[in-house]
Amino acid sequence: AAKPKVPNTEFGKGGMKLKSAPKGPLEIRYRALAKKLRQCEELETKKKEGVVLDKWQTHKLRQKLFHKAEMKNLSKALKGDDEAGEEGEDGESESGEDEDE
């Protein structure tokens, strides 16, 4: 008696492999802010076309500057994590050399 073939659906202990590397919390927040800013720009174009916005849409538009500022700080933090270690080491060695002279 032949056994029917059953597809293997076990992915192992690690689970299914993802196509891309997992994102960190800062990257996730950055993408969320980028989406909110895109939505704000779409709402601005609608408003210019004469569409009447409801209270939630106007609230989102009012928060645009806050989102821009937060996104700017996040981009500094993301770049700062990569560059802070490099620049900090260089800055420390330079300041140390200045004190010896």
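Report follows, based on the coordinates. (Residues numbered from 1 in each chain as written. Predicted model: local features only at pLDDT ≥ 70, side-chain atom pairs only at ≥ 80, totals over all residues. Heavy atoms only, no water.)

## Quick notes on the overall build of the protein chain
Here's step 1: A tally of regular secondary structure across the protein chain gives three helices and zero strands.
Here's step 2: Ordered by position in the sequence, the α and β elements of the protein chain form the string α-α-α.
Here's step 3: Across the 101 residues that make up the protein chain, the buried fraction comes to 12%.
Here's step 4: A separation of at least 24 residues holds for 58% of the contacts in the protein chain among residues at least 6 apart in sequence.
Here's step 5: When the accessible area of the protein chain is evaluated, it comes to approximately 9200 Å², of which 53% is carbon and sulfur surface. (Helix = DSSP H or I, 4+ residues; strand = E, 2+ residues; numbered from the N terminus. Buried < 20%, exposed > 50% of the residue type's maximum accessible area, 1.4 Å probe, protein only. Contact = heavy atoms within 4.5 Å. Areas by Shrake-Rupley, 256 points an atom, 1.4 Å probe, with all protein chains shown as cover.)

## Considerations on the nonpolar core
Nonpolar side chains tend toward joint burial in soluble globular proteins.
Here's step 1: By size, the foremost hydrophobic cluster in this structure holds five residues: Leu 33, Ala 34, Leu 37, Met 71 and Leu 74.
Here's step 2: The contacts of Leu 37, once residues within four sequence positions are left out, are Lys 64, His 67, Lys 68 and Met 71. (Core = buried A, V, L, I, M, F, W, Y, C linked by side-chain atoms within 4.5 Å.)

## Some thoughts on helix H1 (residues 25-48)
Here's step 1: Between its first and last C-alpha, H1 extends 35 Å over 24 residues, near the 34 Å set by a 1.5 Å rise per residue.
Here's step 2: Taken together, the buried positions of H1 are Leu 33, Ala 34, Leu 37, Cys 40 and Leu 43.
Here's step 3: Following H1 by one or two positions, Gly 50 adopts a phi angle in the positive range, close to 100°. (Expected span 1.5 Å × (residues − 1).)

## Quick notes on the pattern of salt bridges
Here's step 1: According to the stated counting rule, one finds two salt bridges in the structure shown.
Here's step 2: Two residues, Glu 70 and Arg 29, come together in a salt bridge whose shortest N-O distance is 3.0 Å. Placement of the pair is Glu 70 in helix H3 (residues 64-100) and Arg 29 in helix H1, with a sequence separation of 41 residues.
Here's step 3: Given the relative accessible area of 28%, Arg 29 is considered partly exposed.
Here's step 4: Notably, a salt bridge pairs Glu 44 with Lys 64, separated by 3.0 Å at the nearest N-O pair. Of this pair, Glu 44 sits in helix H1 while Lys 64 sits in helix H3, and the two are 20 residues apart along the sequence.
Here's step 5: Residue class for Glu 44 comes out partly exposed when judged on its relative accessible area of 29%.
Here's step 6: Residue Lys 64 is classed as buried on the basis of its relative accessible area, which comes to 11%. (Salt bridge = Lys/Arg side-chain N within 4 Å of Asp/Glu carboxyl O.)

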